[in-house]
Amino acid sequence: MNSVLSKLFIWSKREAFENIMHAYHRKGYAIVHYLYFANITGKKLFDNYTVSFEKEQFKEALKDDYKILSKAVISTAYKQALLDGDLVLPDWIALQIFYRMAWKLKKLTTKRPRLENLNGTDFTIEFLDWLYASANPDSVQLVLYGTYPGILEKTKSFLTEKGYYIAYSQDWYTNFDWDQLDEIMKKNKRKHTILIIARTTPEYPIQEIWSWSNKEKIKQRKLIVFTQWGTFDFWAGIQKRAPRLWRTYKLEWLWRLITNPKRNYKKVLDSILIIKYIFSYLLLKNK
């Protein structure tokens, strides 16, 4: 449990921006993930797995390739990908509640008792705005990888209308074309290339595992990578954000459940397991 929770970024949004760029300047690349409490419960990230696998097998994996793998392999690879990332940003209220309870019960030794909600839909845009304001806008280019072709086109339109330059995009039905990216980067010669990945499904956290297994390629190209889950759907307008009042009172999860139960019921059910996790991991563990 401690390995996952201790990896969470505990500081402010502005400090997250600065930490991403610090990692980028120090290492030559940066990989940023988002974590929901539903992912902890659904992938059993607090469990200790003893399975082994070859990291190489994920470098060019598409969704169907994951279907032959056991849940233990997927969960182990996903956990390792999160722990290997540069920043793991907390998303959704359930994770904030669990973290707060863990801190109050002295299961954590971190310096900050509360987490900010740094959700992918908002945070990545805010980071881009911050980067555009602090750097030369002509030095930044975006690369999009994931989702269905139609949604990808709408996502590109949304980001273009906000003033961002999309250098390259590719849907999730093909393995990523690194050679094409190399040609574009050679041609454009922009200082900052942001790769935003949305290749996941509720069962398979493909984007995190894929970015982890392709870390050397990411490093060679000096990329800043964000793994986004369902954010492209919101940017494309396929999914609607909850009204501000619902978000203010931390009820966006309920809004999503009511407006799209088929898509969100599993995530909400996994998040409700917070009650079981508070009891079993915080109240009973090490007693």
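Keep in mind it's a predicted model, so treat the numbers as computed, not measured. (Residues numbered from 1 in each chain as written. Predicted model: local features only at pLDDT ≥ 70, side-chain atom pairs only at ≥ 80, totals over all residues. Heavy atoms only, no water.)

Caption draft 1: The arrangement of the overall build of the protein in detail. Looking only at helices and strands, one finds 16 helices and six strands in the protein. Computed over its C-alpha atoms, the radius of gyration of the protein comes to 19 Å, within 12% of the 19 Å expected for a compact globule of 287 residues. Principal-axis analysis of the C-alpha atoms places the extent of the protein at approximately 60 × 45 × 40 Å. For the protein, the share of sequence-separated contacts (at least 6 apart) that also reach a separation of at least 24 residues comes to 78%. Taken as a whole, the protein presents about 14,000 Å² of accessible surface, with 53% of it coming from carbon and sulfur. (Helix = DSSP H or I, 4+ residues; strand = E, 2+ residues; numbered from the N terminus. Rg over C-alpha atoms; globule rule 2.2 N^0.38 Å. Contact = heavy atoms within 4.5 Å. Areas by Shrake-Rupley, 256 points an atom, 1.4 Å probe, with all protein chains shown as cover.)

Caption draft 2: Molecular detail of the packing of aromatic side chains. Inspection of every chain in the model, using the stated rule, returns 28 aromatic pairs. Measuring from centroid to centroid gives 5.7 Å for phenylalanine 46 and phenylalanine 98, while their planes differ by 35°, and the two rings are tilted. Taken together, the positions of phenylalanine 46 in the loop between helix H3 (37–42) and helix H4 (63–66) and phenylalanine 98 in helix H6 (residues 93–104) put the pair 52 residues apart, joining distant regions of the chain. Overall, the relative accessible area of 0% leaves phenylalanine 98 in the buried class. Their ring planes at 85° and their centres at 6.1 Å tell us that tryptophan 172 and tyrosine 173 sit as a pair that is edge-to-face. (Phe/Tyr/Trp six-rings, centres within 6.5 Å; stacked < 30°, edge-to-face > 60°. Buried < 20%, exposed > 50% of the residue type's maximum accessible area, 1.4 Å probe, protein only.)

Caption draft 3: Inspection of the pattern of salt bridges at higher detail. For the coordinates displayed, the defined rule picks out eight salt bridges. A salt bridge links glutamate 126 to lysine 13, with the nearest nitrogen and oxygen atoms 2.9 Å apart. With glutamate 126 in helix H7 (residues 120–134) and lysine 13 in helix H2 (residues 13–27), this pair connects stretches of sequence that are 113 residues apart. Where arginine 221 meets aspartate 182, a salt bridge forms, and the shortest distance between an N and an O atom there is 2.7 Å. In this pair, arginine 221 sits in the loop between helix H11 (215–220) and strand S6 (223–227) while aspartate 182 sits in helix H9 (residues 178–188), placing the two residues 39 residues apart along the sequence. Taking the relative accessible area as the measure of exposure, aspartate 182 reaches 29% and is therefore partly exposed. (Salt bridge = Lys/Arg side-chain N within 4 Å of Asp/Glu carboxyl O.)

Caption draft 4: How the structure looks around the sheet that holds strand S4 (residues 166–170). Taken together, the six strands give an open sheet; going across it, the order is S2-S1-S6-S5-S3-S4, and neighbouring strands pair in parallel fashion. Each edge of the sheet is formed by a strand with only one pairing partner; in this case those strands are strand S2 (87–90) and S4. On average, adjacent strands in this sheet sit at an angle of 15° to one another, irrespective of strand direction. Helix H10 (residues 206–213) rests against strand S1 (30–35), strand S3 (140–146), strand S5 (192–198) and S6 of the sheet, and its axis sits at about 140° to S5. (Pairing = 2+ DSSP bridges. Axes fitted to C-alpha atoms, helices over the stretch in contact; angles between N-to-C directions.)

Caption draft 5: Representation of the packing of helix H14 (residues 252–259) against helix H15 (residues 261–272) in the model. For the pair H14 and H15, interaxial distance at closest approach is 6 Å and the crossing angle is 140°. Between H14 and H15, the crossing angle belongs to the class labelled oblique. Between H14 and H15 the crossing geometry is left-handed. Judged by residue contacts, Trp253, Arg256, Leu257, Ile258 and Thr259 of H14 engage Pro261, Asn264, Tyr265, Lys267 and Val268 from H15. (Parallel < 35°, antiparallel > 145°, perpendicular 65-115°, else oblique. Left-handed = near helix turned anticlockwise from the far one by under 90°.)

Caption draft 6: Layout of the side chain of glutamine 170. With respect to the helices, strands and loops of the structure, glutamine 170 is situated in strand S4. Among the residues examined, glutamine 170 registers a relative accessible area of 8% and is labelled buried. Side chain to side chain, glutamine 170 and tyrosine 168 meet in a polar contact 2.7 Å long. The contacts of glutamine 170, once residues within four sequence positions are left out, are Leu144, Tyr145, Gly146, Leu152, Asn175, Phe176 and Asp177. (Polar contact = N/O pair within 3.5 Å; in protein donor to acceptor, adjacent residues only side chain to side chain.)

Caption draft 7: Region of interest: the side chain of histidine 33. Tracing the backbone shows histidine 33 in strand S1. Given a relative accessible area of 1%, histidine 33 falls into the buried group. Looking at histidine 33, its side chain comes within polar contact range of the main-chain oxygen of alanine 81, at 3.4 Å. Looking at histidine 33, its side chain comes within polar contact range of the side chain of threonine 227, at 2.9 Å.

Caption draft 8: Region of interest: empty space enclosed by the protein. As enumerated under the stated definition, the model contains one cavity of 30 Å³ or more in all. In this model, the largest cavity occupies a volume close to 40 Å³. Put simply, the parts of the chain that give the lining of the largest cavity at least two residues each are helix H1 (2–7) and helix H5 (71–84). When grouped by side-chain class, the residues that make up the lining of the largest cavity number five nonpolar, no polar and two charged. (1 Å grid on protein atoms, 1.4 Å probe; cavity = no way out; pocket = protein on both sides within 12 Å on 5 of 7 lines; lining within 4 Å. Points joined across faces, edges and corners; volume = space filled by probe spheres on them. Nonpolar A, V, L, I, M, F, W, Y, C, P; charged D, E, K, R; others polar.)

Caption draft 9: Quick peek at a nonpolar patch on the surface. Taken together, the side chains of Leu105, Phe279, Leu283 and Leu284 make up a nonpolar region of the molecular surface, amounting to roughly 350 Å² of accessible area. Taking relative accessible area as the criterion, leucine 284 reaches 47% and is therefore assigned partly exposed. (Patch = residues over 30% accessible without salt bridge, like charges linked within 9 Å, V, L, I, M, F, W, Y side chains within 5 Å.)

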